[in-house]
Amino acid sequence: MTADFFPPQQQPVLTRLVQSISFILLPSLYGFRVSVSEDDVARLRALGDARLVYLCNHPTMEDGMAVFGLSARVGQLFH
């Protein structure tokens, strides 16, 4: 018996909604802010649809929240 593979599916409307309030949620729920320079944000935006892998170096929930905050700041949907 083989298991079916279900690829990840984004929910852009829901993701954009949560991104729009992430600047409130991250500090209040997780106690931190994502601080990225405008130059770095511009560099990430300039990459457009290029394929990148962002790797967190800590196995905690906060890393995922920080990457989500970064996606909100850059204005992109990350998988």
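The structure we're discussing is the one just above.
About the criteria used
- Residues numbered from 1 in each chain as written.
- Predicted model: local features only at pLDDT ≥ 70, side-chain atom pairs only at ≥ 80, totals over all residues.
- Heavy atoms only, no water.
- Core = buried A, V, L, I, M, F, W, Y, C linked by side-chain atoms within 4.5 Å.
- Buried < 20%, exposed > 50% of the residue type's maximum accessible area, 1.4 Å probe, protein only.
- Contact = heavy atoms within 4.5 Å.
- Salt bridge = Lys/Arg side-chain N within 4 Å of Asp/Glu carboxyl O.
- Helix = DSSP H or I, 4+ residues; strand = E, 2+ residues; numbered from the N terminus.

Quick word on the nonpolar core
Within the largest apolar cluster, five residues are counted, these being Val36, Val41, Leu44, Leu70 and Val74. Setting aside residues up to four positions removed in sequence, Val74 forms contacts with Val41, Leu44 and Arg45.

Section: the pattern of salt bridges
Applying the stated rule across the entire model yields two salt bridges. Salt-bridge contacts for Glu38 lead to Arg73; the nearest nitrogen and oxygen are separated by 2.3 Å. Residue Glu38 is located in helix α2 (residues 38-46), and its partner Arg73 is located in helix α3 (residues 61-74); the two are separated by 35 residues in the primary sequence. According to the relative accessible area criterion, Arg73 is partly exposed, its value standing at 26%. Two residues, Asp40 and Arg43, come together in a salt bridge whose shortest N-O distance is 2.6 Å. Highlighted residues: Asp40 and Arg43, both in helix α2, separated by three residues, approximately one helical turn. Residue class for Asp40 comes out partly exposed when judged on its relative accessible area of 32%.

Topic: the side chain of Gln76
Take Gln76: it is sitting in the segment after α3. With relative accessibility at 18%, the residue Gln76 sits in the buried group. Apart from the residues within four sequence positions on either side, Gln76 is in contact with Arg16, Gln19, Leu44, Arg45, Gly48 and Ser71.

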